Amino acid sequence: AIREDGTAVTWGSYCAGGVTTLEIQRKLRHLKVVRHTQGALAALRSDGHVLTWGCPLSGGYSLTIQPWLTNVKDIQASKGAFAAIRKDGQVVAWGKDSSGGNTSKVEVHLTAVQSIRASAFAFAAIKATEATDGSNVVTWGSPEAGGDSSKVQEQLKNVRQ
């Protein structure tokens, strides 16, 4: 829960994101938004930094990507992964690959991103600029959950949200 003063209160089991370390608890200040997967939480601070805690497999561990979790303007969560949009329009994702935690197949297209939406196991990024085929949506994650939009890519032009 985010309190009126911008701090957070957490409770519950570790792999539900309820337990934070004292170090994380001290940094949970000036919070804009908190998102959750099935086993972890991610908090976006007003200074653009993202903090994570909870089950590592569900996105609770972000130490290796922490240098990229700065200047973030928004975060979204699927059931097992997080995706963050940086102010420069780049996207950083982490957590379970099968839930959209791996962007390696589409990362070249994840530039000039305006917003991200999540399904249970995938993400869709809406770009400010169109690709060579005219589309402005990039998807990744589980193909069955919306992570593969190749069959409708022709229709994904001028998408606003």
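Structural data are supplied above this passage.
A short tour of the structure in this document, coming up. (Residues numbered from 1 in each chain as written. Predicted model: local features only at pLDDT ≥ 70, side-chain atom pairs only at ≥ 80, totals over all residues. Heavy atoms only, no water.)

1. Concerning the nonpolar core
When a protein is soluble and globular, its nonpolar side chains tend to lie buried together. By size, the foremost hydrophobic cluster in this structure holds 14 residues, and its most contacted members are Val50, Leu69, Ile75 and Trp94. Secondary structure elements with two or more residues in this core: strand S2 (40-45), strand S4 (72-77), strand S5 (81-86) and strand S6 (91-95). Among residues more than four places away in sequence, those in contact with valine 50 are Ala42, Ala43, Leu44, Gln66, Leu69, Val72, Ile75 and Trp94. Among the nonpolar cores identified, the runner-up in size contains 13 residues, and Ala83, Val113, Ile116 and Phe123 belong to it. (Core = buried A, V, L, I, M, F, W, Y, C linked by side-chain atoms within 4.5 Å. Buried < 20%, exposed > 50% of the residue type's maximum accessible area, 1.4 Å probe, protein only. Helix = DSSP H or I, 4+ residues; strand = E, 2+ residues; numbered from the N terminus. Contact = heavy atoms within 4.5 Å.)

2. Structural notes on the sheet that holds strand S8 (residues 122-127)
Read from one edge of the open sheet, three strands run S7-S8-S9, paired in antiparallel fashion. For this open sheet the edge positions go to strand S7 (113-118) and strand S9 (137-141), each flanked by a neighbour on one side alone. With strand direction ignored, the average angle separating the axes of adjacent strands in the sheet is 20 degrees. (Pairing = 2+ DSSP bridges. Axes fitted to C-alpha atoms, helices over the stretch in contact; angles between N-to-C directions.)

3. Let's talk about the packing of aromatic side chains
A full pass over the atoms with the stated rule returns two aromatic pairs. When the centroid spacing of 5.5 Å and the interplanar angle of 25 degrees are considered together, the rings of phenylalanine 123 and tryptophan 140 count as stacked. One end of the pair, phenylalanine 123, is in strand S8; the other, tryptophan 140, is in strand S9, with 17 residues separating them in the sequence. Owing to a relative accessible area of 1%, phenylalanine 123 belongs among the buried residues under this scheme. (Phe/Tyr/Trp six-rings, centres within 6.5 Å; stacked < 30°, edge-to-face > 60°.)

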